[in-house]
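These are the residues of each chain, in order.
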Amino acid sequence: MTTENGHRPRPADTEASLREQMCDIGRSMWTKGMVAANDGNISALLPDGTILCTPTGVSKGFMTPAMLPVVDIDGGIVSLGKGDRPPSSEVRMHLRAYQTSDLIGAVVHAHSPYATAFAIKGEALVGKLMPESIVAMPEIPLAPYATPSTDEVPDSIEPFVRSHPGCLLEHHGAITWAGDLMTAYMAMERLEYSALMTYLVRQIDGERQLSPERIAALQRQFGIIAR
């Protein structure tokens, strides 16, 4: 495993609270139309270093805390959820994020409509349309297409884990990661909002970028290293 600071920070939340939070976030994703049917998956680092994750074949809007399985950092089953529910086969790409960076504490994968539309189109989102984008998510790269549930998927996202808060998955959806579960989820909301704004301004022929001078001023103000 590649490390950045020699140790992985321990989550402040207990396993019980993370189980509740994961179900709350799943419901929010489902309510906002970021997932349909049993699409999407969520994971979070537990205090003991194992990974709590969403089960396969379950709508994210109807999960209960007892349903959530636990795996180790290599994907080995630690415990199954209620009803012997295993994790989604897509947990592999979540695990790659944890294995790649010791700063990752949670991962969220969704099929949010606007982000997925750009993923299907095969277009990264690099528009610098708003100050919030410059500060929080100036670039949303595109991971090349990979066959779902294979090692191609984790391989495709690995180059972005240390440098970006998430990426589009070509012909698939989007994935975000962060140090904690709520921040990873908010990154997914911001990613989808960026895709939505890009789409909308194109409909009115209004895709104007902030000027290089304004972008540089924001980067100086918030201590952002320009890419």
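Reading the values: rules and limits
- Residues numbered from 1 in each chain as written.
- Predicted model: local features only at pLDDT ≥ 70, side-chain atom pairs only at ≥ 80, totals over all residues.
- Heavy atoms only, no water.
- Helix = DSSP H or I, 4+ residues; strand = E, 2+ residues; numbered from the N terminus.
- Rg over C-alpha atoms; globule rule 2.2 N^0.38 Å.
- Buried < 20%, exposed > 50% of the residue type's maximum accessible area, 1.4 Å probe, protein only.
- Contact = heavy atoms within 4.5 Å.
- Areas by Shrake-Rupley, 256 points an atom, 1.4 Å probe, with all protein chains shown as cover.
- Lys, Arg positive; Asp, Glu negative; His and termini not counted.
- Charge placed at Lys NZ, Arg CZ, Asp CG, Glu CD.
- Phe/Tyr/Trp six-rings, centres within 6.5 Å; stacked < 30°, edge-to-face > 60°.
- Pairing = 2+ DSSP bridges.

Draft legend 1. Spotlight on the overall build of the protein. Each helix and strand counted, the protein has seven helices and eight strands in total. The C-alpha radius of gyration computed for the protein amounts to 17 Å, which stays within 12% of the reference 17 Å derived for 227 residues, consistent with globular compactness. Along the first, second and third principal axes, the C-alpha atoms of the protein reach 55 × 40 × 30 Å. The buried share among the 227 residues of the protein stands at 46%. Looking at the protein alone, contacts between residues at least 24 apart form 66% of all its contacts between residues at least 6 apart. For the protein, the computed accessible surface area is about 10,800 Å², with 55% contributed by carbon and sulfur atoms. Each charge sign in the protein was given a centre, from 19 positive and 26 negative side chains, and these centres are 4 Å apart.

Draft legend 2. Geometry of the packing of aromatic side chains. In the structure shown here, the tally under the stated rule is two aromatic pairs. Ring plane angle 70° and centroid distance 5.0 Å describe the contact between Trp30 and Phe62, whose orientation is recorded as edge-to-face. Here Trp30, found in helix H1 (residues 15–31), pairs with Phe62, found in the loop between strand E2 (51–53) and strand E3 (70–71); they are 32 residues apart in sequence, far enough to count as distant. Ring geometry for Tyr114 against Tyr199: centres 5.4 Å apart, planes inclined by 50°, an arrangement best described as tilted. Pair noted here: Tyr114 is in helix H3 (residues 113–121) and Tyr199 is in helix H6 (residues 181–203), with a separation of 85 residues, a long-range link. Residue Tyr114 is classed as partly exposed on the basis of its relative accessible area of 31%. The exposure class assigned to Tyr199 is partly exposed, which follows from its relative accessible area of 36%.

Draft legend 3. The arrangement of the pairing of strand E1 (residues 41–45) in detail. Of all five residues in E1, five are buried; the element is thus mostly enclosed. Burial of E1 is two-sided: the residues Asn41, Ser43 and Leu45 facing one way and the residues Ile42 and Ala44 facing the other way are all buried. Bridge analysis of E1 against strand E5 (residues 106–110) gives four bridges, and the strand direction is antiparallel. Paired with Asn41 across the bridge in E5 is His109. Both E1 and E2 contribute to a ladder of three bridges, which runs antiparallel. Its bridge partner being in E2, Leu45 is matched across the sheet by Ile51. The loop that links E1 with its antiparallel partner E2 comprises five residues; one of these, Gly49, has a positive phi angle of about 90°.

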